[in-house]
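Chain and residue survey
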Amino acid sequence: MSYRVGIDIGGTFTDFALLKDGLKDGQVILHKNLSTPQDRSIGVMEGLETLAGKEGLSLGAFLARCEAIVHGTTVADNILIEMDGAVTGLITTQGFRDEMEYRRGYKESIWDVRLEPPIPIVPRRRRLTVPERVLADGSVHEALDEAAVREACTRLRKQGVESVAVGLIFAHVNGDHEDRVAQIVAEEMPGIPVSLGHRILSRAPEYDRISTTVVNAYVAPRVNAYLERLVSRLAEAGYARQLMVMQASGGVMTRAYIEAAPIRLLASGPAGGVIASARTGGAKGYRNLLCVDMGGTSYDMSVVRDGAAPAEAGWNMHHRYLVGVPMVQVETLGAGGGSICHVDKGELKVGPASAGAAPGPICYGRGGLRPTVTDALLMLGILSTGEGFAGGSFRLRDEGVAEAFAALGAELGYDAQQAAFDCWRLVNANMTQAVRRTTAAKGMDPADMVMLAYGGNGPAFAAIQAQELGIGQVLVPRASPTFSALGTLVAHPAIDEERSCSARADALDLDRLRGLWVDLAANAAAHFAEAGFAADAAQARWRVAMRYAGQNWALTFDLHEGRGLDDLGFVDDTLSARAIAAFNARHLAEYGHVRDGEVPEITGVRLTAQVETPMPPAGGGFTAPVVEPAPHGYRRANLGDGFADVAIHKGPDLIPGARITGPAIIEEIFTTIAVYPGWQARVDDVGDYLLVRQS
Amino acid sequence: MSFALNARLAARRPPLPTATAIDPVTASIIRGALETVCHEATTHLGRAASSPIINQSNERNAAIVDAHGRLAMGSIGTPHLTFVSQLTVRYGLMQQQDYDWGPGDVFVGNDPDYGGGHLPDYNVYAPVYDAAGELVLVQALQAHQGDTGGKDPGGFTLDATDIFTEGLAIPCLKLVHRGEKRRDAIHLLERNNRFPSFAGDLAAMIGAVEKATVSIRAILDKWGADMVRAAVNHAIDQSERQMRATVSAWRDGRYDATVHIDHDTMGTKDIRVQVGCTVAGDQLTVDLSGTDDRQDLVGVWNTFANSRGYIMTQIAASIDPDIVKNEGLFNAVEIILPEGCIAHPAPNRPAALGSFHPACEITEAVCVALSQVAPDRSAPQVYKIGMPNAVIGFDATGQMWMDQGVDCRSMDVSAVQGIDGWGSCPVSLGNLLLSQAEDGEARFPVINISRELVTDSGGAGQWRGMPGSRNVKRILEPAMAMAWMVSHDHPISGLAGGADGTPYLNHFQVGTPDEYRVELTARAQLPAGAVIAYQHGGGAGFGPALRRDPQAVCEDVLDELVSIAAARDLYGVVLTGSLEDYSLAVDPAATAALRGERIAA
């Protein structure tokens, strides 16, 4: 028996998913224990020990049989939330000292003159410039002043700088000066890590690249130290393989690969859930998914298109800093079970403030006094005090809940029930509009998609939101409350990098394009080899980014797909015509028009390569005989049409083939599924739920 | 096209007719849905457009206007466009019968004498009807175009004496009839624009508006047109109530401010903008009586719609940011713009440069006046730059190129009470992304040499204005450069005892014997290799500089935002240690003594 373990560290819990080799149709074994914020690797080791025990093995014997340990972590995000990263310095081109301050003019609110500035990662005194200049074509306009670099190092050293970012103009076209700066920094500031712009994000424009590089420098020492600690704990305990780490792009890679650009971990937390969604939906034949994850404090939205979660490298503002590396696009709204309902200037508002886990909603009975979304669900009867909540760990209580909504209603001029119902409606509307904004930014219509709902609170709202969005089917996987840990096992080892190049699409220098792809392929092959994978095991997508001259946003798409990293036969004389045709088709699909007679330009090439590894089982279908189970009981609940006696079903009792017509409520172990009037829940052959709109 | 027309355009509109009652939650849900439609429209346009000013600078705005011409939903663009959008649509609404409006139509307007801002701001809009064929809403989308087909590329003509010099004026033109594009009309517009990319921009605007009308129709189907009408009425009423409640909390009285523009484009000096803000109970009146009305001024004519819009932009900055921006604000504020003054010109005046000046001085004067009642939310939402240095040339094929000069830089970011000026622009411009050297140099024969903050160029104050940037650029091929310089003699105004910002300066042919400072205007042919350098004005300070926290001054010196000399001379702060060694520290005793002397003096 061999094992694969997926681990996802969240704010409260560390989730584990254990996959056993040769296990047919079996459930993945799930486990949760509390996170250990002071040193997160401790909680990881505790959980592994528990899993080993479940398998009847010592930790050492268990780890010796682990083929892969795959890890998702919010450690980089936490550094930016707490702003406690390394003392960082920036060396940049003379004349460009203040790009980090300008932020290209961007401010997060256009109406609030009291908007505070972001906390500076590199205050002006630690942004130093050196004479040098490369031009757009890569030629050297002014040689690097090495003495100035040494002087800059001296000044950074005096300020106690622990990590250095280097961001020179046009370094993505010619990185020689940045490489030389790195050598000098190594001499002058031994042991200080250096982040180079053209290595971290090889594309224009300068603010995007320099900002990404600065954030990388800021998080690098702590992220790398954390991973180092975890790797050595695992090694001491008997794990002999590479630790694989989840990236924001949705692929996993070795710790050694991550070490060169730990920025790739930023926002990787939610990526696991999205990857699991793509896999689960795909196995059931749904290739276009709207994935919604509603937990305690936030509502995360993402899109799976054509069976994949596209990682986009663009204007990604994270924690007030621009980070341009490829990320699975996850939009977050401050709406969760703990979101506080309140009246502001006579208007009902839900969130963004959250009661969190402590004190939590009033109904948790842990001292919360302000009504939350979870409390509203209790008022509406969608949740109840009758049974265990969150896996049976505690019971909800109704003391103080009605009173809190009565007080809220008094401010609005109506009663407690109406106030709770309006909170439910409002949070619904907020989430629906957020979804529309997300899909609008991708040019997609939610009505063409299947919704996949997960997180503890997602399934309570999913169907009603789907209805608002014109969606007819909602998928709720049984494992949805622990989807991110599952996702780390679904994710494949992957490398996704780009190189800049600029040319009219009808005048391509094929040798140059081939050269850039060969470089990307060699880099990927080396890192895969280090992880124990042969290059010919890799599945490669050879891609280009293109736009019409003048456009600022390029569209990226595949030109060729195939096995192995040396299959460059597609770079031939027909490439140009194929690229133009493919671009025009994409442009028509995205924006509704094509510019006849205009020749688009290529702005970069990209290689997305991955190696397939064993995955948790997934499936679907409705071959089991249809049964209509009797309800476990009834309770008064309001599912949008007023209070009525609503059938209650126990999720663990439902077998494949079960059909439940709304209004009904299904109580699962870690979540509650509301089957709204006009909807039907169907349990598929692997035990997952599909909610189908009947009218 | 008359003062009388302007009065009709600006007249208060009644609510939409509906007997449907609406609860506040449903109203806010529908409002959110309409807001999302605007978001979709601007996002779509930003991604599909070709011109940097739209797809990089994001100089575009979506708004929804109701059947009565009221601003029902402003959106994601810039306030300076949001509050102008409804008057162009109102003029179109007046022509519904004559111009055969119907479902599936799309119109465009840009005429300053028919409710427009200035010619480059094309407003493309489309009516949306309910099932009974009644007009309910109009989706409008504005974007600043790179050219308008007038005398000078870009649409800014320094010596324009009338609107016709500046380009093609369009009161209301149908581009799409019942879903069919009018090729003839679109060709006419394309023909009157120097840039081939205009065709793509126009197609993107039409596409975005058409997409938005589909979304609005779905909202009408879902809620019913009457419920949507009720939601619009509710939102506008609520904003008016909140605005009036804000004004009620302000101290009654009349608050005046005078701001000067250095000169018009012909050199006539000290153009005056006079604003009187009167607070009486819940009524705010903004009166521009006393504003310059010399009819021979050139280049400083701000259109009627723009003057209203810019006044509202500053008022919106002075109130709780959560108050929804719609017609309710205009309903709550009386605006008096004397006929014939530079804030309300007679027909046919040139309009392009007026959106810089006096538009910004009007905004600034409103801020100075309101700072007496709302000091915690007072920071001028302006761009005091005369105009950016546009550089224009021709490539080997004879195709014109233009680097509009909207480069990364900092200017006019004043402090607000309690917060130093920061970033590169006032918040209301925070959606406009500035150009990058790597994008510009890949397109145009220029090299950006430098664009750093200049030490001591932020206005001193208890809270400091952000320093301005000095942008230095080399032109690699012969090109024409245009400039209009103001805000040198009259930089941005300090508030509550804070110092004014610092002067704008612009030098051409830098580093050669022919170097000169552009004091008024330039329309210069520059040789290959010429260097131009633009010092942008820093923001103004808030509150007396001698009250600034000495440690904050020390930090500013460490960051080279303030010099050691200025720390002593302007802030009364004495520092010990050395900047070189990062060992600077405040000498508390010497600082107290120096400040005491200064205050006594």
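Residues numbered from 1 in each chain as written. Chains lettered and ligands numbered in written order. Predicted model: local features only at pLDDT ≥ 70, side-chain atom pairs only at ≥ 80, totals over all residues.

Naming follows an unreviewed UniProt entry, where chain B appears as N-methylhydantoinase B of Sphingobium scionense.

As recorded in an unreviewed UniProt entry, chain A goes by the name N-methylhydantoinase A, listed as coming from Sphingobium scionense.

**Remarks on the overall build of chain B**
Summing up its helical and strand segments, chain B has 16 helices and 22 strands in all. Relative to the compact-globule value of 25 Å for 601 residues, chain B shows a C-alpha radius of gyration of 25 Å, a close match. By its C-alpha atoms, chain B is 80 × 65 × 45 Å across when sized along the principal axes. Within chain B, counting contacts between residues at least 6 apart in sequence, those at least 24 apart form 72% of the total. (Helix = DSSP H or I, 4+ residues; strand = E, 2+ residues; numbered from the N terminus. Rg over C-alpha atoms; globule rule 2.2 N^0.38 Å. Contact = placed C-beta atoms within 7 Å.)

**Quick word on the overall build of chain A**
Across its full length, chain A holds 17 helices and 36 strands. Taken over the C-alpha trace, chain A has a radius of gyration of 26 Å; the compact-globule value for 695 residues is 26 Å, and the two agree within 12%. Its C-alpha atoms give chain A principal-axis dimensions of roughly 80 × 65 × 55 Å. Relative to its full complement of 695 residues, chain A shows a buried share of 54%. (Buried ≥ 20, exposed ≤ 12 C-beta atoms within 10 Å, placed from the backbone.)

**Things to note about helix α6 (residues 176-188) of chain A**
With 13 residues, α6(A) should reach 18 Å at 1.5 Å per residue; the first-to-last C-alpha distance of 18 Å fits that figure. Packed against the buried residues of α6(A) are β5 (88-93), β7 (133-134), α5 (146-158), β9 (163-167), β10 (194-196) and α7 (197-200) of chain A. (Expected span 1.5 Å × (residues − 1).)

**Quick notes on the interface of chain A and chain B**
Taken together, the 54 residues of chain A in the interface contact 65 residues of chain B. Elements with a minimum of two residues in the side of chain A that touches chain B: α4 (99-102), α8 (206-237), β21 (347-354) and α13 (416-441) of chain A. Sort the elements by how many residues they give to the side of chain A that touches chain B and α13(A) lands first, with nine residues. For the side of chain A that touches chain B, the class distribution of residues is 23 nonpolar, eleven polar and 20 charged. (Nonpolar A, V, L, I, M, F, W, Y, C, P; charged D, E, K, R; others polar.)

**Points about the sheet that holds strand β36 (residues 689-693) of chain A**
Residue and element names in this part refer to chain A. Pairing in this open sheet of eight strands is mixed, and the strands run β19-β14-β13-β24-β25-β36-β35-β32 from one edge to the other. Each edge of the open sheet carries a strand with a single partner, namely β19 (331-333) and β32 (659-661). Averaged over all neighbouring strand pairs, the angle between strand axes comes to 20°, with direction disregarded. When β32 meets strand β35 (residues 679-683), the two strands line up antiparallel, connected through three bridges. Paired with I660 across the two strands is A681, which belongs to β35. Each of β13 (289-294), β24 (450-454), β25 (473-476), β35 and β36 is contacted by helix α14 (residues 458-469), which is oriented at about 160° to β24, the strand it contacts most. (Pairing = 2+ DSSP bridges. Axes fitted to C-alpha atoms, helices over the stretch in contact; angles between N-to-C directions.)

**Overview of unusual backbone geometry**
At the junction of A:G351 and A:P352, the peptide bond is cis and its omega measures out at 0° in the coordinates. For A:P352, the position within the fold is in strand β21. Across the junction of B:H357 and B:P358, the peptide omega takes the value 20°, indicating a cis bond. For B:P358, the position within the fold is in the loop between β11 (333-336) and α12 (359-370). Unlike most non-glycine residues, B:D100 shows phi in positive territory, near 55°. Residue classification places B:D100 among the exposed residues on the basis of 11 C-beta atoms within 10 Å. Backbone geometry places B:A496, a non-glycine residue, at a positive phi of 55°. Summarising the element assignment, B:A496 is placed in the loop between β16 (479-484) and β17 (505-508).

**Quick notes on the sheet that holds β17(B)**
Residues and elements named next belong to chain B. Spatially, five strands are ordered β14-β15-β20-β17-β18 in an open sheet, and the strand pairing comes out antiparallel. Only two strands of the sheet have a single neighbouring strand rather than two, namely β14 (446-453) and β18 (516-517). Across two bridges, β17 lies against β18 in antiparallel orientation. Residue pairing across strands places H507 opposite R517, the latter belonging to β18.

**A look at the packing of helix α8 (residues 197-223) of chain B against helix α9 (residues 225-248) of chain B**
All names here are of chain B. Axis separation between α8 and α9 bottoms out at 6 Å; the angle between their running directions is 105°. On the basis of the axis angle, α8 is roughly perpendicular to α9. Listed contacts from α9 to I219, L220 and W223 of α8 are A225, M227 and V228. For the contact of α8 with α9, the residue count by class is six nonpolar, no polar and no charged. (Parallel < 35°, antiparallel > 145°, perpendicular 65-115°, else oblique.)

**Thoughts on the nonpolar core**
By size, the foremost hydrophobic cluster in this structure holds 407 residues, and its most contacted members are A:C423, A:M451, A:V675, B:L141, B:V209 and B:V366. Beyond its immediate stretch of four places on either side in the chain, B:V209 contacts B:A41, B:V106, B:V124, B:Y125, B:A126, B:Q139 and B:L141. (Core = buried A, V, L, I, M, F, W, Y, C linked by C-beta atoms within 7 Å.)

**Here's the deal with the environment of B:F164**
Tracing the sequence through the fold places B:F164 in helix α6 (residues 163-166). By C-beta crowding, B:F164 is classed as partly exposed, having 13 other C-beta atoms within 10 Å.

**Side note on the domain arrangement of chain A**
The domain architecture assigned to chain A consists of domain 1 (3-78 + 226-287), domain 2 (87-192), domain 3 (339-422) and domain 4 (494-611). Summarising the inter-unit geometry, the C-alpha centres of domain 1 of chain A and domain 3 of chain A are found 34 Å apart. (Domains from an automatic or database assignment.)

**Concerning the pairing of strand β5 (residues 135-144) of chain B**
All names here are of chain B. β5 sits mainly inside the fold: nine of its ten residues count as buried. Judged from the seven bridges that link them, strand β1 (residues 60-66) and β5 form a sheet pairing that is antiparallel. Opposite D66, over in β5, you have L137 as the bridge partner. Taken together, the nine bridges between strand β4 (residues 121-129) and β5 define a ladder with antiparallel strand orientation. Following the sheet pairing, A126 is matched in β5 by Q139. Linking β4 to β5, which pair antiparallel, is a turn of five residues; within it G133 sits at a positive phi near 85°.

**Observations regarding the domain arrangement of chain B**
Where interface size is given, it is often the accessible area lost as the parts come together that is meant. Residues and elements named next belong to chain B. We note that the domain assignment places domain 1 (3-240), domain 2 (379-544) and domain 3 (549-600) within chain B. Centre-to-centre separation of domain 1 and domain 2, based on C-alpha positions: 31 Å. In this complex, domain 1 contributes 17 residues to the contact, which on the side of domain 2 involves 18 residues. Put simply, the parts of the chain that give the side of domain 1 that touches domain 2 at least two residues each are α3 (52-55) and α4 (79-82).

**Some details on the confidence of the model for chain B**
Across chain B, the average pLDDT comes to 94, with 98% of residues at 70 or higher. We note a pTM of 0.90 for the whole complex and an ipTM of 0.95 for its interfaces. (pLDDT = per-residue confidence, 0-100.)

**A closer look at the packing of helix α2 (residues 24-48) of chain B against α9(B)**
Each packed pair of helices is defined by two parameters, the angle between the axes and the distance between the axes. Residues and elements named next belong to chain B. Contact geometry of α2 with α9 gives a least axis separation of 9 Å together with a crossing angle of 95°. The pairing of α2 with α9 is recorded here as roughly perpendicular in orientation. Residues T26, A27, I30 and R31 of α2 touch α9, and the partners they reach there are M227, V228, A231, H234 and A235.

**Some details on the environment of A:D344**
Residue and element names in this part refer to chain A. Looking at where D344 falls in the secondary structure, it is placed in strand β20 (residues 339-344). In this structure D344 comes out as exposed when scored by C-beta crowding, with 10 C-beta atoms within 10 Å. For the pair formed by D344 and E411, sequence separation is 67 residues and the distance between their alpha carbons is 9.7 Å.

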